[in-house]
Each structure stands twice: as C-alpha cells, then as structure tokens.
Amino acid sequence: FYADEDPMEVASRVCGTASIRTGASKRRWHRGDSAVAEEDESTSPDAEDASVESAEECDHRRLIDLAANDDSWKVNVLKRLELYAQDTEKESNGETTASTPLEKKDAPTSFDAFLFGGDVTTLMRKKKQSLALPPGEMTAMLFDLVDHLSTDFLPGQIFLDNESGAASKSVSFSKNLNGSGDDTNMATEFLLNDALRIWLNTFRPLPWTQRQALWRKQSGGPADDSMAASTLDDNMSLSMASGSIGTTKTTAIEREKRNLREVIEEMELDAETRIETCRLVTFYFTRKCALRKGEEHLATLIDTHGSYLDLHQCLVAAGKVHSKLLIEKLLQVAKNDSRHRESVKHLKNADENKLIFYEPQMLSALLEMLSSLSTSSGGFNPTTLLVSAYPDLQPWCVKEMSSVENANSFYFKYMSSLLHHEEGNDAARRDRELVKEWCLMLSSQEDTENADEDWKRECFLHIASRDDESSILYHRDLPFLMDTSTKMSEFGLALDIANEIVQSIRYRHNKQVLEDVLKHLQTISDVAVKGNAGELNATLLSQIITFFNVIAPCLEKHQYEIDIIAELTKLLEQCRTEKTKNTSYSSTNVGACITCISENAPPSKSLQVFSQWEHSSIDSASLVSAIQTSLIRGAREGLRSELSGSLLRIKRAREEGLRPMMMENEMTNWDSVGSIVTDGSGEEEEEDEEAGGGGFIWKRVLDGTLQIAK
C-alpha cells in the first residue's frame, strides 16, 4: 500500500502525532500537512488538551502497527537505511556524495577566510552531519518506536486532580489493545533482526577513547549540554591552528595528531541525536543479550560501538545471561569512562568509618575491584555494599571474579548476608536457584567446626522448617529440601517436609515426587531401625509408621499401590536381622518395634502383621500386649465410626444411671420423675405407656433389655 514512498512521510501521515517522550508539537521525522495542522492546533489550549489524549494514544499503537504488520513500509525503511549506510561507507573512504548546494548567505566572509581559510570556514558554516552520529530523522523515528515498545504495557490512564475544584480529568498515554502483545513482539523482531542491524552501519562510531564526547562526566546519561562540556575534560583544550587536542599541563600526554575536519565534525554532535543513538545501541545490545544468542556478535559490537553503550544497563544484561566474556569486554570500555574512574577512586579510598551507598554508576567499578575487595585486610567491609548491589551485581560474578585464594570463604560470607533471614535481600530469598545453592553450601561439611555446624543448621531450619516464621520469606522447593534434610541427618525435618508434600496440591498429584518421598521414607526407616548406640529410635519409627497411612492413598490414585502389611513386616525383619548381626543391639528392640506398630499402624493392618509374621510367639509379652492394644484401638475406632450421636447420649445416660429426655434437640436429666422409675409400681408404668400412645421404652433401654427387630 505504501510502496516506493518515504517511510518517514508514511509514518507521519499515519500517526500524525506528537512524541510521547518529548511532548513536542512534532518530531523531526514528521512530514506533510498533518504535522503543520497539529502545530496550528496547538495554539488553542482546548485544542491542545483534546489532541493530547487522541494523539498520544494513536501515536503509540499506529507506529508499532506499521513496524509489525506493514511489509511495504518495512521494506522502504530498510532501503533508506541501506542508502545511508552506503553513503557513510563512501565518505569514510574519502569519496564524495551528492549534497545540497551551499546557500548564498552561508558563503564565507573575507575576514573568516583570512583567519581560518575558506575550506575550514565553509565546513563550519554549513553544519554538515557528523559521521559519528546516524541520520537524525531516521534515528528519531526508530527511537520513538523503541520508546513506545518500552512503554507498551503501562496503565491506560492517569488521573489528575483539578485544583480549582472541578472534576478530575484523565489523560490516556498508553493503550493495550487486543493483539498488542503480538504486535509488540513482531515490531521488536523487525528492529533487532533488520532495522537496527543496518542502522548500525549508517555512521562511523567513535573509538573508546572518545567516549567522553557522548557521555557527560556529571550525569548518568548521554551528553545533552554544550559541546565543550561534553567533548573536553577539564584539563584539555582545542588548538585550532594545529588541529590537535592536547593538555595545557606541562606533564605531558603525547598529543594525538588529528585531521581538523574530523575534529570539527565530531564536536558537532546534535544533543538529541546523541541521546537517541546511545539509547538505540544500548537497546540492541540488551535485547540481543536477553535472547542468549550471538555472544561473539555482541563482543564485536562492543569493540565497534562500545562508546555508545550504557555501561550499567549492558553489565546488568550480561550478568543475567552469565556471560563473563561480555562483562570483561565492557570493563575494558569502562576504563575510558570518567564516572567509572571516579567510582574506582571512591572505593579505593574507603575505610571502616566511611559509609558507602550503592549507585548504578558504581557497578563497573565493583566488578573491576572484586578481586581486591575480597582480599581487603583493612577496616572496610565490602559485603554490605555488594549485597546492596543485587540484582545488578549477580552472585555468580562475586564467585567467579573474586580472588582465587579465598574465593570460597568470601563467597560464603557474601551469600550468608544476601540470604539472611532478617537482613537479606527479599528478591534473592525468592530466587529458586540462589536458595538451592545456599542450602547446598549449608549442608556441606567441608572445614566446619562445631559452632559453624550449629549455625548452618539454624540457617537451614529458617528455610526448610514450616514451623519457622522466616520460612515464608524463602522459595521452598520441597522435594529438594527433603533430600537435603536427609543428607544432613535431619530425619524428623525430612518427615515433616514429606507430610507437607503430600498435603500440597502442587506435589500430591506428581507421581515422580511421591515415589521419591517413598524412597526417602525407606532410607529413614533403615536409620530408625539401626538406631543409636544399639537402641531403636522409637520416636522416629513411630513417625514413619504413621506416614505410611498418609502416603498410601495418594499413591493409589496413580495406580501405585503400597503394601502397608509388607512394609511393616519388613521393619520387624530388619530389627530381628540387626539383632543377630550386631551384638550390641538391644534385645528389647524387637519388642519396641512391635509396640510402635500396634500404637501407630491401623489396627486391622497391625493384627494381620502379627498373625502372618513367622517369628511371632505367643509367649512374647510384648506381642500379647501389642495385640491387646490393637484390639482396644480397633474397638474404639469402630465405636467412633458406627455409633450415632443419640446412641452416645444413651450410653452416657446408662453409665450415669439416669434416664435421658430429648426436648428441643437437647438432653436433660429427668430427675423430677426419678422416683417414678425407681419406686413406682408396674401399674403406673403401664398407665404411662398407655398415655404415651406407643409405649415408653426408656426403662428397657436403660436396663439393656430392649429388643429391636431388624
């Protein structure tokens, strides 16, 4: 539809709106009547208020729609970028390109020619586009597209209170339409794979040593002030006659000879284009980095366009994908950044009496100085500063870039502070991999003294134990915690976690997890049977037997039946076998195991175990007592499951020797007529039965002589 048209003119006609970022009446890339009409309408306050809402809304979705769905527009954009890239290549090779003829008013005066020469004055007058920056209009349009993509998921409206007392008004600045997510992904793919890839060739990037020309010393972003402030350091001056930049100090740095044309062109950097260029190069790097592909390509990008990269954003992106190569490359670029040098100096001068707060611009300095910080013997403790730098500073950087001599101890101290249950970082405590790594470090027995072992156990309980109030602060991977608890010989904690797994909706339907629980249960049962110092661990064994009753129904749902009778019989066999092999094994352990089974296993299961065990002996006092316990438990459970509430009230009344009377769903003692029951004659009872119209049966119920036909 837009074949062979200027893509910026098409975008201007389709969008016809102001930039969300600047709020200006029009952008440099706008064309045609729409921009002019918008400028005219902006003179009226009412028209301006009316246009802001519709303009910003349309600008946002229509520019993204062009980049996502209009193939002809995208082809024209790529063609225009390729032409710019070809012109840049020709000018870099010294070839001439077609240019706009100089206007008469820009002709050099005789005085200018006398001072600087005609060529220099002409070059200064015509404000030629520097090769250090890409074409301004196309860059502005791509920047607006990137800016819209970054704000695509902001809320649809903000509400402003009117101080005059009138009703508040809403300002729409973003819309999430149906399918906007797909359009955003398609537009981003077009930028990364096509547009920005060619756009990077439309200018000749400045070397690392000239990074100061793009990034101001005082601010955290690209330069946006005067040319002199952004180009030269405080101790540098420009010599127009010699065409070189040097220092005014006598301690001399060797002067670099440069072509005067190149000096002037690099100093004529448009402030807005400079900001947009740095933002686009950084956007390309960070998004490509997030895809975890093309590490070598990004390393080459740092070599060529490193001066334009926002070091903080790029270091954060490289840290998230665990790329040590990219971080090392970026740190080389940082050596030419004035803010980086100031941060390094600030850290080197730190002492124990100095409190340092983390700032984003310090990230490169922290990474560069990790080795020296980890070996610092002074009073300054860098751990707090490193913890405050999370998540910008990833823990793997602290581990791999610390001093080799004491890397493990320093990293352990860092992780202890980062994941501390009270003073640690909330986001770090919710990170699955970090918590897992921390638990493995706590379960390690290397170079651990008794005091350290107790402290490690306490830290682990803060995470693993559901009874600890701090456990809700951590990401708890229950199967992993159960496995780690078993390795740390925290068998009671492992059983508690196993119970939690069975109760969890997330895990109770996972067959693999339940099978792992059963394996750990068997391991713990072996430990309980062997006991300690020849004594059976009856408490732990009782917990295991009880847990068999819980896990069996869950496994049956997955067609994985567990034979509780066989498992209980196996426990008895293990006790008997251990008794025959180990002379120090107590002879009472078999009886203790029988007692644990009778008290914790289902009565029907325990009776079957005792009857089927081939080594059962009626002469065993423990076995007789166990059978009696199982029978009593079975009778009580049957009573609880079979008798209704009314019959229980009758039973209680029979035990008390009183006759219950049911009135309004309540039981009362009929004391007032007790004498009739005990002293009255049979005639009176017969009269009562006749008066009742159906027979009064309470006396026979209380006596137990009532017969009911079934």
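These numbers come from a predicted model, not from an experiment.

Caption draft 1: Inspection of unusual backbone geometry at higher detail. Pro391 follows Tyr390 through a cis peptide bond whose omega is 5°. Along the chain, the position of Pro391 falls in the loop between α18 (383-388) and α19 (395-400). For Ser489, which is not glycine, the phi dihedral falls at a positive 65°. Here Ser489 shows up in the loop between α24 (478-487) and α25 (491-503). Look at Ala533: it is not a glycine, yet its phi comes out positive at around 55°. As for its position among the elements, Ala533 is in the loop between α26 (511-530) and α27 (538-556).

Caption draft 2: Here's a closer look at the environment of Val146. Tracing the backbone through its elements, the reader meets Val146 in helix α7 (residues 136-150). Placed 42 residues apart in sequence, Val146 and Thr188 show a C-alpha to C-alpha distance of 8.1 Å. Once you skip the residues sitting within four places of it in the chain, Val146 turns out to touch Leu191, Arg279, Leu280 and Phe283.

Caption draft 3: Representation of the packing of α26 against helix α28 (residues 564-581) within the structure. Where α26 contacts α28, the axes come no closer than 10 Å and their chain directions differ by 40°. The angle between the axes of α26 and α28 places the two elements in the oblique class. The handedness of the crossing between α26 and α28 is right-handed. Seen from α26, the contacting residues are Gln522, Ser525, Asp526, Val529 and Lys530; seen from α28, they are Glu567, Leu571, Gln574, Cys575 and Glu578. A breakdown of the residues in the contact of α26 with α28 according to their chemical character gives three nonpolar, three polar and four charged.

Caption draft 4: View of a negative patch on the surface. Taken together, the side chains of Asp452, Glu453, Asp454 and Glu458 define an acidic patch exposed on the protein surface. On the secondary structure map, Asp454 appears in helix α23 (residues 450-464).

Caption draft 5: The packing of α25 against α26, seen in detail. Axis separation between α25 and α26 bottoms out at 11 Å; the angle between their running directions is 155°. Taken together, the axes of α25 and α26 are roughly antiparallel relative to one another. Between α25 and α26 lies a crossing of left-handed hand. When α25 is examined against α26, the residues Phe491, Ala494, Leu495, Ala498 and Ile501 are found in contact with a partner set consisting of Val513, Val517, Leu521, Ile524 and Val527. Taken together, the residues that form the contact of α25 with α26 break down as 10 nonpolar, no polar and no charged.

Caption draft 6: Broad picture of helix α13 (residues 311-320). For α13, a buried count of seven out of 10 residues is recorded, marking the element as mostly surrounded by other parts of the structure. Along α13, the residues that are buried comprise Leu311, Cys314, Leu315, Val316, Ala317, Ala318 and Gly319. Looking at the packing, one finds that the buried side of α13 touches α11 (271-290), α14 (324-334), α16 (363-368) and α19. Capping the start of α13, Asp310 holds a side-chain oxygen 3.1 Å from the backbone nitrogen of His312, two or three residues further along. Taken from the residues just after α13, His322 is the one with a positive phi, measuring 60°.

About the thresholds
Residues numbered from 1 in each chain as written. Predicted model: local features only at pLDDT ≥ 70, side-chain atom pairs only at ≥ 80, totals over all residues. Heavy atoms only, no water. Helix = DSSP H or I, 4+ residues; strand = E, 2+ residues; numbered from the N terminus. Contact = heavy atoms within 4.5 Å. Axes fitted to C-alpha atoms, helices over the stretch in contact; angles between N-to-C directions. Parallel < 35°, antiparallel > 145°, perpendicular 65-115°, else oblique. Left-handed = near helix turned anticlockwise from the far one by under 90°. Nonpolar A, V, L, I, M, F, W, Y, C, P; charged D, E, K, R; others polar. Patch = residues over 30% accessible without salt bridge, like charges linked within 9 Å, V, L, I, M, F, W, Y side chains within 5 Å. Areas by Shrake-Rupley, 256 points an atom, 1.4 Å probe, with all protein chains shown as cover. Salt bridge = Lys/Arg side-chain N within 4 Å of Asp/Glu carboxyl O. Lys, Arg positive; Asp, Glu negative; His and termini not counted. Charge placed at Lys NZ, Arg CZ, Asp CG, Glu CD. Buried < 20%, exposed > 50% of the residue type's maximum accessible area, 1.4 Å probe, protein only. Polar contact = N/O pair within 3.5 Å; in protein donor to acceptor, adjacent residues only side chain to side chain.

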